[in-house]
Every structure is written in C-alpha cells, then in structure tokens.
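A look at the structure
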Amino acid sequence: MKQKLRHIAIISFTFCLFLVLNGCGAYSFSGANIGPDIKTFQVNYFQNNAANVQPGIDRDFTLKLQDLLLNQTSLDLVTNNGDLLYEGEIVEFYTAPITATSQSTAAQNRLTVGVNIRFYDTKIPDNDFEQRFSFYFDYPGTTQLIGSSLDSALDEIFERITQDIFNKSLAKW
C-alpha cells in the first residue's frame with residue numbers, strides 16, 4: 001500500500017511539473033507571447049507627418065522601435081516579408097504650456113509626441129490593429145528644449161511609446 005501511494009505521488013508530481021513547464025512555453029522573460037512560427041519582424045520607416053516637424057525624429061523613432069524588438073525578443077529584423085510588420089507615422093509633435101506664472105508666462109511646458117501604428121501579424125491576422133500611441137515630457141518654462149535636453153526628452157517619450165507598442169502587439173496588454 002505504501003509503495004502504491006508513493007508511486008501515485010511521483011506520477012502526480014511529474015504530471016503537475018509537466019503542466020507548469022508546458023504552460024510557460026510560449027512566453028519569454030519580456031512578457032512577449034510569440035508563436036513558434038513567428039521568426040521575423042519588419043519595421044517600416046515612420047514618416048513625420050506632424051504639423052510641427054522636428055528633423056530626425058522619424059529616423060530616431062524607427063530605430064528605437066527596432067532596437068526594442070531586437071532586445072526584447074529573439075526575432076530577426078528583416079527589410080521585407082516579415083512575419084510581423086510595424087508601420088505608421090508620427091502625427092503629433094508640439095509643446096504647450098501646462099501651468100502659468102502670475103506674469104502670464106509658462107511655468108511649465110509639456111512636449112507631446114503622438115505616433116499612429118499599424119501592426120500586421122501575417123500568421124494570425126486577428127492580431128492586426130491600428131492605434132495611436134502618445135506620451136509627453138514636462139519641463140520648466142524657463143528652459144528651452146534644444147540639443148541634448150531635447151534628445152533626453154525624446155528618448156524618454158520614445159521609450160514609453162515603443163514599450164506600449166510592444167505590450168499591445170506582443171504581450172497582448
């Protein structure tokens with residue numbers, strides 16, 4: 001009887017271990033849920049269609065999205081026929097005051113960037129979507145956002161937007 005209970009316990013433990021390990025098979029440490037038949041991704045160049053055009057942000061955003069996908073997945077970047085396709089355009093780039101001083105000047109400003117994304121999954125078309133993503137950076141009204149301070153602001157904004165795109169397209173958040 002003792003031998004039989006031990007045998008049942010070993011089988012039960014093995015079965016539970018199999019379920020736990022099998023249940024985690026399609027996930028990565030980044031939270032991505034990528035099917036085994038997905039091997040490549042493609043990021044088309046994001047045109048800057050914002051009313052206020054800031055030179056170079058279209059290239060910077062495209063590279064930032066490519067880098068994030070390369071770093072957080074095991075997928076290969078291709079220039080055409082990717083299993084996953086990201087495309088779109090920058091549609092917003094503007095600065096607006098968010099608080100004022102008693103002298104009617106801006107005490108604090110906000111830089112906002114918005115990107116329209118079209119995502120296509122060639123293996124599972126139900127995953128396709130088109131959505132607008134945006135984020136902002138607040139800074140004192142006494143400073144001008146130029147040079148390295150603008151680069152730092154855009155890095156923060158692009159990091160957030162690209163992570164949101166990743167979460168929507170691959171982590172299914």
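Residues numbered from 1 in each chain as written. Predicted model: local features only at pLDDT ≥ 70, side-chain atom pairs only at ≥ 80, totals over all residues. Heavy atoms only, no water.

Side note on the pairing of strand β5 (residues 106–121)
Bridging between strand β4 (residues 84–100) and β5 involves 15 bridges; their strand directions are antiparallel. When the sheet's bridge partners are listed, phenylalanine 93 is paired in β5 with valine 113. (Pairing = 2+ DSSP bridges. Helix = DSSP H or I, 4+ residues; strand = E, 2+ residues; numbered from the N terminus.)

Things to note about the side chain of asparagine 109
Relative to the helices and strands, asparagine 109 resides in strand β5. The class of asparagine 109 is buried, set by a relative accessible area of 11%. In this view, asparagine 109 contacts Thr95, Ala96, Pro97, Ile98, Phe137, Asp138, Tyr139, Pro140 and Gly141; residues no more than four positions away in its chain are not counted. (Buried < 20%, exposed > 50% of the residue type's maximum accessible area, 1.4 Å probe, protein only. Contact = heavy atoms within 4.5 Å.)

So, the packing of aromatic side chains
Given two aromatic rings, one states the distance between the centres and the angle between the planes to describe the pair. Taken as a whole and judged by the stated rule, the model has 7 aromatic pairs. The interplanar angle of 80° and the centroid separation of 5.0 Å between the aromatic rings of phenylalanine 46 and phenylalanine 61 together place this pair among those described as edge-to-face. Taken together, the positions of phenylalanine 46 in the loop between β1 (40–43) and β2 (47–48) and phenylalanine 61 in helix α2 (residues 57–72) put the pair 15 residues apart, joining distant regions of the chain. For the residue pair phenylalanine 46 and phenylalanine 61, the accessibility class agrees, reading buried in each case. (Phe/Tyr/Trp six-rings, centres within 6.5 Å; stacked < 30°, edge-to-face > 60°.)

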